[in-house]
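Architecture and fold: a report
Given next are the chains, with one letter for each unit.
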Amino acid sequence: MIPRTSALDTPRCGRGYVASAPSRDPEYLSLRDAAAFLSVSPRQVRHWRSLGSGPPAIRLGRHLRFSVSDLRAFAESRREPEGRGR
């Protein structure tokens, strides 16, 4: 049997627009989530960006969003060559 849904079960955001349910693997991350993805603090991500060397971001209103694929590329670009440790 298929469960019945009502209009109250549909997530809504202002003016009757229907919001999609958040996916388990979002394509874009907030600053805090991007920092966690890179295992650094949000302050470090902001610092890299102020130097022009941080991961690219998209600004949506006042919010920065980071693409997961851009974060992976950023992390790969900072990979040290083998045999070069501290």
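Residues numbered from 1 in each chain as written. Predicted model: local features only at pLDDT ≥ 70, side-chain atom pairs only at ≥ 80, totals over all residues. Heavy atoms only, no water.

In total, this model carries 1 aromatic pair according to the counting rule given. On the basis of an interplanar angle of 55° and a centroid distance of 5.2 Å, the ring pair of Trp48 and Phe74 is categorised as tilted. Placement of Trp48 in helix α2 (residues 42–51) and of Phe74 in helix α3 (residues 68–77) is noted, with a sequence separation of 26 residues between them. For Trp48, a relative accessible area of 13% translates into the label buried. The ring of Trp48 has Arg78 sitting right over it, with the charged end atom 4.7 Å from the ring centre. (Phe/Tyr/Trp six-rings, centres within 6.5 Å; stacked < 30°, edge-to-face > 60°. Helix = DSSP H or I, 4+ residues; strand = E, 2+ residues; numbered from the N terminus. Buried < 20%, exposed > 50% of the residue type's maximum accessible area, 1.4 Å probe, protein only. Lys NZ or Arg CZ within 6 Å of the ring centre and 35° of its normal.)

As a further point, take helix α1 (residues 31–38). Those residues of α1 lying buried are Leu31, Ala34, Ala35 and Leu38. Angularly, the buried residues of α1 cover 100° about the axis, an arc narrow enough to put them on a single face. Among the exposed residues of α1, those pointing more than 90 degrees away from its buried face are Arg32 and Ala36. Summarising the contacts, the buried residues of α1 are in contact with β3 (28–29), α2, β5 (63–67) and α3. Phi turns positive one or two residues past the end of α1, at Ser39, with a value near 60°. (Arc of directions from axis to C-beta. Contact = heavy atoms within 4.5 Å.)

Honestly, that's just the spatial picture; any functional story needs more than this.
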